[in-house]
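# Observations on the model geometry
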Amino acid sequence: MLLIALISVILVERLDSSLTMGFHIGLVWRNALPVALFILLIYGLCGRLLLSLMLGSGITWLVFDVNAVKELNMNLPLLPGDLVLVHQVLGNIGFFAHYTGHRLVWLVLAALLFAIVTGVIWKVEKHWQRGGRISRATWTCLSLAALVTMYQGDGFWRDVYGDEALPGFQQWDPILSVQQTGFMAGMVRTTQESRISIPQADKPLVAGFAQSHADELNMRMTRKAPLELPDIVVVQSEAFFDPGVLKSVDYGQFVPNFQRLAATGVSGSLTTPTYGGGTIRTEFETLTGYPMRAFPSIMYPYYGLASGWMPTVPHRLESFGYSTTLFHPFRAGFWNRRQVMPELGFQHAYYEKDFAGAARAGEFVSDHALFDFVLAHFDEGNMGAQYAMVITMENHGPWDYDVGPLAKVLNEHPLPPGLSATGTREMTYYLSHLVNGDAALGDFAQRLLARPRWTLLLFYGDHLPALDAAYKDLGFDDGKRRGQQHTRYMLLSNRPLDPQIPRQLDLSAYQLPGLLFDAVGLPEDGYLALASTIRTAWEQDHLQHAEQYRQLQFNAALLEVSCGHKLSATGKCKRQVFSANADNN
């Protein structure tokens, strides 16, 4: 058993960079303990010590390696919520293999080599003395019980991995937490916290705000919808941001069409709840208005949080007579969209199979081809009001590929100086598709808004791309980290916009639904009315006390989701849906 403990300590010390920066005995044993218990469990099951060390060490290395890939590409460690994606990863292993930096064939060869070595050890150790059944059963039961109770936070384990033991742990900032506490200890603590699915809302805080702003809430709830309803097109652009936030790069240098169009409407920076990937987190915010940070234990909202009762933008627009359509030239089952999107209010959906024969730019359907497909849909003669959500794919990562002939679009857009070889490869790939997509955006906006029908176009980036080497080479103008940077958005109309809406307005993704309803002049109720009132109150407060307004909005979202239906005009829940949260309502 001492050998297992020693190997476990060596593993976490070598694999976890946060533990190599300085030796802290408390953090080391808290990170090594889950590994030691896992190896001990394998030993109890098979009775072969070398095999147990081999399997336990190999699986531990694999977990750390996968965690490193996720941290590099998404600025997040592995989390308990990632378990819901196992089937998706296995079903799309070729797609995800690109992110490891290795081709699928090398991964298969590595797995075969590991299996061969494991088989050899099994045969060699087969003739050795094995522990008795009673002792092995004891080790199995003890290790399994310790692992289960540890990850659930039962009994004394809550203190072993509590705030005093892990003072650097912050649930709302997982990447910083594992850097402070170590990956394994952080995983244990995060798993313990994830047992609380929906935190308790501060009901008096929400009700108090609703009471003090009753007049504006009543105005929003009773305003009349316009006689002519506009077509609404929302474009969620994959990994779009303006590289002007980087040193040695000017705003609009690589996105001149976006810069030109943004000057004609409402625009600003956009805070999104993810980096490098995890698109559905931003997507969920813009469809529901619920901030993901209000639900820190939920990583992927389309697995367990999204529900058909939610008063989403599509559901609300459908009640006004809109047809609602989703356009996404990728697999329908990816991110569980095939199941979730109808629940969130989309009546029609077009996925990858519907784009057979469409032109591609690199690995994916080009933005030009996607926008042409959308315009053809609008030209089919549907006389009713239409809402379309368009989710692009052209500039999807990873971004360290050879971009091929598309690189010619950079002839008039030279790369910034100071890039390493890896940074140059990343920026060449990303910027080639960014410039190409910007040209497609300019053409799409011109053709869409030239139609005689009143039309709104909301365009935004879902997250920054994971250009790790380029960011290190250049740095950001504001000196902040990559995960603290913002994308951009713009709202355009071929009719005059409400003059009361500021033309320059920095927002979070969850505030976009309220902005959209204000631009059209549609009535709001429930959380959406509260959220919009909170936003305008913050603007009237000259954008001061941001954290207070943010917490107010988070609590309003928590209250409506735990309630399971729209909040009343007084900011209260009138009925209870989830029995587990009954005491919260």
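Note: the structure precedes this text.
Below, the structure is looked at part by part. (Residues numbered from 1 in each chain as written. Predicted model: local features only at pLDDT ≥ 70, side-chain atom pairs only at ≥ 80, totals over all residues. Heavy atoms only, no water.)

## Observations regarding a nonpolar patch on the surface
Stated precisely, the cut-off is as follows: Here the term patch refers to residues with relative accessible area over 30% and no salt bridge, with like charges joined within 9 Å and nonpolar side chains (Val, Leu, Ile, Met, Phe, Trp, Tyr) within 5 Å. Accessibility throughout is a Shrake-Rupley quantity obtained with a 1.4 Å probe, and a residue counts as covered only by protein chains that appear here. We define a salt bridge as a side-chain nitrogen of Lys or Arg found within 4 Å of a carboxyl oxygen belonging to Asp or Glu. Strands are runs of DSSP state E lasting at least 2 residues, helices are runs of H or I lasting at least 4, and numbering of each runs from the N terminus.
Nonpolar side chains collect at one region of the surface, where Met 1, Trp 139 and Leu 142 lie side by side and expose about 290 Å² of accessible area between them. Among the secondary structure elements, Met 1 is positioned in the segment before helix 1 (2-15).

## Thoughts on the state of the cysteines
Rules: When the sulfur atoms of two cysteines come within 2.5 Å, that pair is taken as a disulfide. Per-residue accessibility, obtained with a 1.4 Å probe over protein chains only, is compared with the maximum for each type, and a residue is labelled buried under 20%, exposed over 50%, and partly exposed between these values.
Applying the stated criterion across every chain, the model contains 1 disulfide. Across the disulfide, Cys 563 is cross-linked to Cys 573 (sulfur-sulfur distance 1.9 Å). Negative torsions about the S-S bond denote left-handed disulfides, and the value of about 80 degrees found for Cys 563 with Cys 573 makes this one right-handed. Here Cys 563 is found in helix 23 (residues 546-563), whereas its partner Cys 573 is found in the segment after helix 23, with 10 residues between them in sequence. With a relative accessible area of 15%, Cys 573 lands in the buried category. Cys 141 provides the cysteine sulfur closest to Cys 46, a residue in no disulfide bond, and the two sulfurs are 15 Å apart. The class for Cys 46 is buried, based on a relative accessible area of 12%. Residue Cys 141 is classed as exposed on the basis of its relative accessible area, which comes to 53%.

## Side note on the packing of helix 3 (residues 25-46) against helix 11 (residues 183-193)
Two numbers describe a pair of packed helices, the interaxial angle and the distance between the axes. The condition is simple: To get an axis, fit a line to the C-alpha atoms, keeping to the stretch in contact for a helix; angles then go from 0 to 180 degrees between the N-to-C directions. Roughly parallel refers to an angle under 35 degrees, roughly antiparallel to one over 145, roughly perpendicular to one between 65 and 115, and oblique to any angle outside these ranges. The contact criterion used throughout is that any non-hydrogen atoms of two residues lie within 4.5 Å. Residues are grouped as follows: nonpolar covers Ala, Val, Leu, Ile, Met, Phe, Trp, Tyr, Cys and Pro; charged covers Asp, Glu, Lys and Arg; every other residue, Gly included, is treated as polar.
Interhelical geometry of helix 3 versus helix 11 gives an angle of 75 degrees and a closest axis separation of 7 Å. Classified by the angle between their axes, helix 3 and helix 11 sit roughly perpendicular to one another. Along the contact surface, helix 3 presents Arg 30, Asn 31, Pro 34 and Val 35, while helix 11 presents Phe 183, Met 184, Ala 185 and Val 188. Considered class by class, the residues forming the contact of helix 3 with helix 11 number 6 nonpolar, 1 polar and 1 charged.

## Side note on unusual backbone geometry
Leaving glycine out, the prevailing phi sign among residues is negative, and the prevailing peptide bond configuration is trans. Along the chain, Gly 397 connects to Pro 398 via a cis peptide bond; the corresponding omega equals 0 degrees. You can see Pro 398 is positioned in the loop between strand 7 (386-391) and helix 19 (421-449). Positive phi is not limited to glycine here, since Trp 335 has a value of about 60 degrees. With respect to the helices, strands and loops of the structure, Trp 335 is situated in the loop between strand 3 (323-327) and helix 17 (337-343).

## Describing the sheet that holds strand 3
Formally: For two strands to pair, DSSP has to find at least two bridges joining them.
Across the sheet, 8 strands lie side by side as 4-3-7-1-8-9-2-10; this open sheet has mixed pairing. Edge positions in the sheet fall to strand 4 (348-350) and strand 10 (507-508), since each has one partner strand and no second. Sheet topology places strand 8 (residues 455-461) next to strand 9 (residues 487-493); 5 bridges connect them, and they run antiparallel. Among the inter-strand pairings, Leu 458 is bridged to a residue of strand 9, identified as Leu 491. Helix 18 (residues 367-378) contacts strand 1 (231-237), strand 3, strand 4 and strand 7 of the sheet and is inclined by roughly 170 degrees relative to strand 7.

## Points about the pattern of salt bridges
Applying the stated criterion to the full structure yields 21 salt bridges. With its nearest N and O atoms 3.0 Å apart, the salt bridge here joins Arg 220 to Glu 524. Of this pair, Arg 220 sits in helix 13 (residues 214-222) while Glu 524 sits in the loop between helix 21 (512-520) and helix 22 (526-540), and the two are 304 residues apart along the sequence. Relative accessible area serves as the criterion here: at 1%, Glu 524 is assigned to the buried category. Glu 547 serves as the salt-bridge partner of Arg 550, at 2.5 Å between the closest nitrogen and oxygen. Of this pair, Arg 550 and Glu 547 both sit in helix 23, separated by 3 residues, roughly a single helical turn. For Arg 550, a relative accessible area of 26% puts it in the partly exposed group.

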